[in-house]
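Coordinate analysis (summary)
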Amino acid sequence: MVQLGQVIGDLLDRLGVSRAAWTEGKMPAVTPLTGEQLGMVQTVDAAAIDERLDRASAAFRSWRHVPAPRRGELVRLWGEELRAAKDDLARLVMIEAGKIPSESAGEVQEMIDICDFAVGLSRQLYGLTIATERPGHRMMEVWHPLGVVGVISAFNFPVAVWAWNAALALVCGNSVVWKPSEKTPLAALAVQAVFARAAARFGDAPEGLSQLLIGGREIGEALVDDRRVALVSATGSTRMGRSVAPRLAGRFARAILELGGNNGAIVAPSADLDLALRGVAFGAMGTAGQRCTTTRRLFLHDSIYDGFVARLKGAYGSVRVGNPLEDEVLVGPLIDRAAYDMMQEALGAAKAVGGVVHGGERVGDGDSYFVKPALVEMPGQVGPVLDETFAPILYVMRYYDLDAVIDLHNDVAAGLSSAIFTTDVREAERFLAASDCGIANVNLGTSGAEIGGAFGGEKETGGGRESGSDSWRQYMRRATNTINYSDALPLAQGVSFEL
Ligand code: UN1
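Residues numbered from 1 in each chain as written. Predicted model: local features only at pLDDT ≥ 70, side-chain atom pairs only at ≥ 80, totals over all residues. Heavy atoms only, no water.

Per an unreviewed UniProt entry, the protein is named Aldehyde dehydrogenase family protein, and its organism is Sphingopyxis bauzanensis.

Have a look at this one:
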């Protein structure tokens, strides 16, 4: 126990976080690896939030005038600093969020990737030139910086999700205020310190360009309700989104919502079953089932059902669960006791409606919550299968007809990620055409998206898109400009207004 505290102290010192920030505050920082308290983090009160939003507004007013490629230079330096700090940051994410080493490193890599993407974007924030119906006129659209961007992030991707938002927001000319999860404040302090190093090297970045607001729910609420914040990008539960969305709509602010997922995968009769097994295993058990893209529902064709379930049971039985500091562990802890309780509740509810549960038991005791991933054979898509439980539970169902199973697949509230395993091109295309999710994959699992595509989902997942493709547009406002370079004044639609 003492050892982990020592490790954290060394890591945070190296990453450039002041001791006071995490030892002299009121909010406990806890590791799910042991339940041990690692520090007491300083939080912000209402007055500090107000003052920081003023600073963020001032930073925006100056940063918006910096040419976009120059703004890209700051993000390029940030990417360099992240590369230098990658190992330390990954270790911190491992200790604070409980991820295994390769997933922790992967998360930091995702930050580096989005920085690279954003640097390229900083020279590609194009608008269109549009044909006009009036002679001697030119019409074009121009993208302008938006304002202060608020980011609310979750414990399960404690650093990457902020970076997806911040890297784009910054090249687009905005300032950023970030409310990290109360479960992962140390990672937030660390990546903010890394960013500060990049800003110092950059030289003339405005003070307050990227700020961290650590504390409870009231901070999220302040961001949502404050008219100085032009856009709030919020990742979390659908319940959270339901409270945030109408408040943002009420003041006509922009929202990017990344809410719950209830991701399904179909294994068709023609599937490469070895590949499908690995895809499903990572999708369902990876990150201890705590990704919004985790595979939660598995539809197996009747012809392969028995054999595939047997192999899955083997994989579930042999996967190493434990402290990610130990070798070969693939499944780390749940984030806390509440997550464990919710998992057990869902398994109980599954049994009550005829589910047959394999696994799901707690491993070890004390203040950390490790569980064997659970495989639940379900008689149908009923009970807890309809809801997201943020834990490693995979509900398995049998199907006979592809169209019917695609309908069933779509018949849940969330619409984030989906997958089919098949070698039949018709089946693959029928699935891609019909899946109602923001992400639909063939022959790979539901999780582990690259940053180059737009990330997000439909229905109760919230509709937002982050990271790649044209997600940047949400962080800018579009102006349509029409310029008359003639000496006449023709009106559109042939309207005449002669004085
Ligand atoms: C999340 O779980 O909140 O596609 C984000 C993935 C990761 C991001 C997940 N790139 O699984």
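Back to the text.
1. Here we look at the site of the ligand
Within the structure, the ligand sits among Glu 110, Asn 156, Phe 157, Trp 164, Arg 291, Cys 292, Thr 293, Ser 447, Gly 448, Ala 449 and Phe 455. Gly 448 places a main-chain nitrogen or oxygen 2.8 Å from an oxygen atom of the ligand. Between the ligand and the protein, one listed contact pairs an oxygen atom with a backbone N or O atom of Ala 449 at 2.7 Å. Contact with the protein chains hides 98% of the accessible area of the ligand, taken as 320 Å² for the molecule alone. Residues that form the shell around the ligand fall into these classes: five nonpolar, four polar and two charged. (Near = heavy atom within 4 Å. Polar contact = N/O pair within 3.5 Å; in protein donor to acceptor, adjacent residues only side chain to side chain. Areas by Shrake-Rupley, 256 points an atom, 1.4 Å probe, with all protein chains shown as cover. Nonpolar A, V, L, I, M, F, W, Y, C, P; charged D, E, K, R; others polar.)

2. Structural notes on a nonpolar patch on the surface
A cluster of nonpolar side chains, contributed by Leu 489, Leu 491, Val 495, Phe 497 and Leu 499, occupies part of the molecular surface with about 640 Å² of accessible area. Tracing the backbone through its elements, the reader meets Leu 499 in the segment after β23 (476-484). (Patch = residues over 30% accessible without salt bridge, like charges linked within 9 Å, V, L, I, M, F, W, Y side chains within 5 Å. Salt bridge = Lys/Arg side-chain N within 4 Å of Asp/Glu carboxyl O. Helix = DSSP H or I, 4+ residues; strand = E, 2+ residues; numbered from the N terminus.)

3. Observations regarding the packing of helix α4 (residues 68-97) against helix α5 (residues 101-121)
Closest axis-to-axis distance for the α4/α5 pair is 8 Å, and the angle between their directions is 175 degrees. By the criterion of interaxial angle, the relationship of α4 to α5 is roughly antiparallel. Of the residues in α5, those in contact with Gly 72, Val 75, Arg 76, Trp 78, Gly 79, Leu 82, Arg 83, Lys 86, Leu 89, Ala 90, Val 93 and Met 94 of α4 are Pro 101, Ser 104, Ala 105, Glu 107, Val 108, Gln 109, Met 111, Ile 112, Cys 115, Asp 116, Ala 118 and Val 119. Grouping the amino acids of the contact of α4 with α5 by side-chain chemistry returns 15 nonpolar, four polar and five charged. (Axes fitted to C-alpha atoms, helices over the stretch in contact; angles between N-to-C directions. Parallel < 35°, antiparallel > 145°, perpendicular 65-115°, else oblique. Contact = heavy atoms within 4.5 Å.)

4. Remarks on the packing of aromatic side chains
The final tally for this structure, using the stated rule, is eight aromatic pairs. Ring geometry for Trp 63 and Phe 202: centres 5.8 Å apart, planes at 70 degrees, overall edge-to-face. Of this pair, Trp 63 sits in helix α3 (residues 46-63) while Phe 202 sits in helix α7 (residues 185-202); the two residues are 139 residues apart in sequence, bridging distant segments of the chain. According to the relative accessible area criterion, Trp 63 is buried, its value standing at 0%. The exposure class assigned to Phe 202 is buried, which follows from its relative accessible area of 7%. Through successive ring pairs, a cluster of aromatic residues spans Trp 78, Trp 162, Trp 178 and Phe 195. The ring centre of Phe 157 lies 3.4 Å from the NZ or CZ of Lys 99, which sits over that ring. We note Arg 362 situated over the ring of Tyr 340; from NZ or CZ to the ring centre the distance is 5.6 Å. (Phe/Tyr/Trp six-rings, centres within 6.5 Å; stacked < 30°, edge-to-face > 60°. Buried < 20%, exposed > 50% of the residue type's maximum accessible area, 1.4 Å probe, protein only. Lys NZ or Arg CZ within 6 Å of the ring centre and 35° of its normal.)

5. So, empty space enclosed by the protein
To find leftover empty space, a probe the size of one water molecule is rolled over the atoms. Across all of its chains, the model carries two cavities of 30 Å³ or more by this definition. There is about 50 Å³ of room inside the largest cavity. The wall of the largest cavity is formed by Ala 97, Gly 98, Lys 99, Ile 100, Glu 103, Thr 287, Ala 288, Gln 290, Leu 330, Gly 332 and Pro 333. Taken together, the residues of the lining of the largest cavity break down into five nonpolar, four polar and two charged. In terms of lining, the second largest cavity is formed by Asn 262, Asn 263, Arg 297, His 409, Val 412, Ala 414, Gly 415, Leu 416, Ser 417, Asp 436 and Cys 437. (1 Å grid on protein atoms, 1.4 Å probe; cavity = no way out; pocket = protein on both sides within 12 Å on 5 of 7 lines; lining within 4 Å. Points joined across faces, edges and corners; volume = space filled by probe spheres on them.)

6. Some points on the sheet that holds strand β3 (residues 129-130)
With respect to topology, three strands assemble into an open sheet ordered β3-β4-β23, the strand pairing being antiparallel. Every interior strand has two partners, whereas the edge strands, β3 and β23, have only one. Two strands pair when backbone bridges link them, and β3 and strand β4 (residues 137-145) are joined in this way by two bridges, in the antiparallel orientation. Looking at the pairing, Ile 130 lines up with Met 139 of β4. (Pairing = 2+ DSSP bridges.)

7. Digging into α4
Here α4 spans only 34 Å end to end across 30 residues, well under the 44 Å set by a 1.5 Å rise per residue. Of all the bends in α4, the greatest, near 65 degrees, is centred on Ala 85. (Expected span 1.5 Å × (residues − 1). Bend = angle between axes of the 7 residues up to and from the residue.)

8. Considerations on the environment of Ala 48
By secondary structure assignment, the location of Ala 48 is in helix α3. Using a relative accessible area of 18% as the deciding quantity, one classes Ala 48 as buried. Here the alpha-carbon distance between Ala 48 and Val 194, two residues 146 residues apart in the chain, equals 22 Å.

9. As for the pattern of salt bridges
In total, this model carries 30 salt bridges according to the counting rule given. Here Asp 116 and Arg 83 are joined by a salt bridge, their closest N and O atoms 3.0 Å apart. You can see Asp 116 sitting in helix α5 and its partner Arg 83 sitting in helix α4, a full 33 residues away along the chain. A cluster of three or more residues bridged by salt bridges with shared partners is formed by Glu 73, Arg 76, Glu 80, Glu 81, Arg 197 and Arg 201.

10. Let's talk about the sheet that holds strand β10 (residues 263-267)
Spatially, β12-β15-β16-β11-β10-β18-β19 is the arrangement adopted by the seven strands of the open sheet, whose pairing is mixed. Two strands in the sheet have a free side with no partner beyond their single neighbour: β12 (356-358) and β19 (439-442). The mean inter-strand angle of the sheet, taken between neighbouring strand axes irrespective of direction, is 20 degrees. Pairing geometry for β10 and strand β18 (residues 417-421), over four bridges, is parallel. In the sheet register, Ile 266 faces β18, and the bridge partner there is Ile 420. Helix-sheet contacts for helix α12 (residues 337-352) involve β12, β15 (374-377) and β16 (393-399), and the interaxial angle to β16 is about 25 degrees. Across the sheet, helix α13 (residues 402-410) is in contact with β10, β11 (295-301), β16 and β18; its angle to β11 comes to roughly 165 degrees.

11. Section: the packing of α4 against helix α6 (residues 160-171)
Packing of α4 against α6 brings their axes to within 8 Å, and their N-to-C directions diverge by 150 degrees. In this view, α4 runs roughly antiparallel relative to α6, as classed from their interaxial angle. From α4, Ala 68, Arg 71, Gly 72, Val 75 and Trp 78 reach across to α6, where they touch Trp 162, Ala 163, Ala 166, Ala 167, Leu 170 and Val 171. In the contact of α4 with α6, the residues fall into nine nonpolar, one polar and one charged.

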